[in-house]
Amino acid sequence: GAVVSQHPSRVICKSGTSVKIECRSLDFQATTMFWYRQFPKQSLMLMATSNEGSKATYEQGVEKDKFLINHASLTLSTLTVTSAHPEDSSFYICSAPPSGILSYNEQFFGPGTRLTVL
Amino acid sequence: LAKTTQPISMDSYEGQEVNITCSHNNIATNDYITWYQQFPSQGPRFIIQGYKTKVTNEVASLFIPADRKSSTLSLPRVSLSDTAVYYCPRGGANNLFFGTGTRLTVIP
């Protein structure tokens, strides 16, 4: 099946710094990718929709200036957490529905990135 | 729109069949029903999808009644490795909105 990778798998940073997380579709193209955040013992929360060649669409309550999303190519989306604070510590997961594959709802998820802000 | 609802947790012994039901009260006409499995510190993994009636693959079956307001994921003969959280998110081909999920614990 289709594979989505994320890099890094885990990162620890100091408060106030910025962290970039990459999401790549390895064997398929994705015009759209999604970013989720998951706190311990909680469900996934959709943060934003990343659109190749255009601006991302953010869910209500998600600060677009804090969580910068760039979808520069059909296989890469990046999420940058700017001026990170301890409350941003979470598990960030991306997903992509493969373009052109006849699986109406199926999305492929990355392995996640564990962010810890000290 | 309300997210889907499902039991918070379930326990089952190894070798038993497990059925997890999800309520899709606000499902859109064009939405398929999908189920995902998630292990700790991993991204969700697609299990099965369907539109109506019954779908079966190598790992599970999915039962969807005619009104499509619910669905039941059936896992035959579970093993310890099936211990995970199971989600039936709301949404279509694009956005998926996850509810609480069902934490399945398989007991030896």
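Up top is the structure.
Residues numbered from 1 in each chain as written. Chains lettered and ligands numbered in written order. Predicted model: local features only at pLDDT ≥ 70, side-chain atom pairs only at ≥ 80, totals over all residues. Heavy atoms only, no water.

**Let's talk about the interface of chain A and chain B**
Across the boundary between the two partners, chain A contributes 22 residues, which contact 24 residues of chain B. Interface area, chain A with chain B, both sides summed: about 1800 Å², of which 51% is carbon and sulfur. Between the two partners, chain A and chain B, sit zero salt bridges. Those elements that provide at least two residues to the side of chain A that touches chain B are β4 (32–38), β5 (44–51) and β9 (90–96) of chain A. Of the residues that constitute the side of chain A that touches chain B, the class distribution is ten nonpolar, eight polar and four charged. (Contact = heavy atoms within 4.5 Å. Buried area = accessible area lost by both parts, 1.4 Å probe. Salt bridge = Lys/Arg side-chain N within 4 Å of Asp/Glu carboxyl O. Helix = DSSP H or I, 4+ residues; strand = E, 2+ residues; numbered from the N terminus. Nonpolar A, V, L, I, M, F, W, Y, C, P; charged D, E, K, R; others polar.)

**A word on the sheet that holds strand β7 (residues 67–73) of chain A**
Residues and elements named next belong to chain A. Reading across from one edge, β1-β3-β8-β7 is the order of the four strands in this open sheet, with antiparallel pairing throughout. Either end of the sheet is taken by a strand with one partner, and the two such strands are β1 (4–7) and β7. Sheet twist, expressed as the mean angle between neighbouring strand axes with direction ignored, is 20°. Looking at chain direction, β1 and strand β3 (residues 19–25) are connected through four bridges and run antiparallel. (Pairing = 2+ DSSP bridges. Axes fitted to C-alpha atoms, helices over the stretch in contact; angles between N-to-C directions.)

**What to know about the pattern of salt bridges**
Residue and element names in this part refer to chain A. If you walk through the whole model with that rule in mind, you get two salt bridges over all chains. Taking the shortest distance from any N to any O, the salt bridge between R24 and E22 comes out at 3.5 Å. Between K66 and D88 there is a salt bridge, with its nearest N and O atoms 2.8 Å apart. Taken together, the positions of K66 in the loop between β6 (57–58) and β7 and D88 in the loop between β8 (76–81) and β9 put the pair 22 residues apart, joining distant regions of the chain. Taking relative accessible area as the criterion, K66 reaches 11% and is therefore assigned buried. By relative accessible area, which is 5% here, D88 ends up buried. (Buried < 20%, exposed > 50% of the residue type's maximum accessible area, 1.4 Å probe, protein only.)

**Remarks on the nonpolar core**
Core analysis: the biggest nonpolar cluster contains 26 residues, and V4, F28, W35, F67, L79, Y92 and L115 of chain A have the highest contact counts within it. The set of elements that each furnish at least two residues to this core consists of β2 (10–13), β3, β4, β5, β7, β8, β9 and β11 (113–117) of chain A. With 18 residues, the next largest nonpolar core counts I20, C22, I33 and V78 of chain B among its residues. (Core = buried A, V, L, I, M, F, W, Y, C linked by side-chain atoms within 4.5 Å.)

**Focus on the state of the cysteines**
This model, assessed by the stated rule, comprises two disulfides over all chains. Between the sulfur atoms of C23 of chain A and its disulfide partner C94 of chain A the distance amounts to 2.0 Å. Disulfide C23 of chain A to C94 of chain A: torsion about the S-S bond roughly 80°, handedness right-handed. Pair noted here: C23 of chain A is in strand β3 and C94 of chain A is in strand β9, with a separation of 71 residues, a long-range link. Each of the two residues, C23 of chain A as well as C94 of chain A, counts as buried. Residue pairing for C22 of chain B: its cysteine sulfur links by disulfide to C88 of chain B, the two sulfurs lying 1.9 Å apart. Sign of the S-S torsion, about 80° for the bond between C22 of chain B and C88 of chain B, identifies this disulfide as right-handed. Of the two residues, C22 of chain B is situated in strand β2 (residues 18–23) and C88 of chain B in the loop between β8 (84–87) and β9 (90–91); the sequence distance between them amounts to 66 residues. A single burial state applies to C22 of chain B and to C88 of chain B, both of which are buried. Not engaged in a disulfide, the cysteine C13 of chain A finds its nearest cysteine sulfur in C94 of chain A; these two sulfurs lie 18 Å apart. (Disulfide = S-S within 2.5 Å.)

**Some points on the environment of S41 of chain B**
Inspection of the secondary structure assignment puts S41 of chain B in the loop between β3 (33–38) and β4 (45–50). For S41 of chain B, the contacting residues outside a window of four places in its chain are F91, P111 and R114 of chain A. Of note is the side chain of S41 of chain B, whose polar atom sits 3.1 Å from the side chain of R114 of chain A. (Polar contact = N/O pair within 3.5 Å; in protein donor to acceptor, adjacent residues only side chain to side chain.)

**So, the packing of aromatic side chains**
Taken as a whole and judged by the stated rule, the model has ten aromatic pairs over all chains. Aromatic side chains Y36 of chain B and F46 of chain B sit 5.8 Å apart centroid to centroid with 75° between the ring planes, which places their arrangement in the edge-to-face category. With Y36 of chain B in strand β3 and F46 of chain B in strand β4, this residue pair connects regions lying ten residues apart in the sequence. An aromatic cluster is built from Y36 and F109 of chain A together with Y36, F46, Y87 and F98 of chain B, whose rings are joined through pairwise contacts. The residue whose ring lies beneath K66 of chain A is F67 of chain A, and the NZ or CZ to ring-centre distance is 6.0 Å. (Phe/Tyr/Trp six-rings, centres within 6.5 Å; stacked < 30°, edge-to-face > 60°. Lys NZ or Arg CZ within 6 Å of the ring centre and 35° of its normal.)

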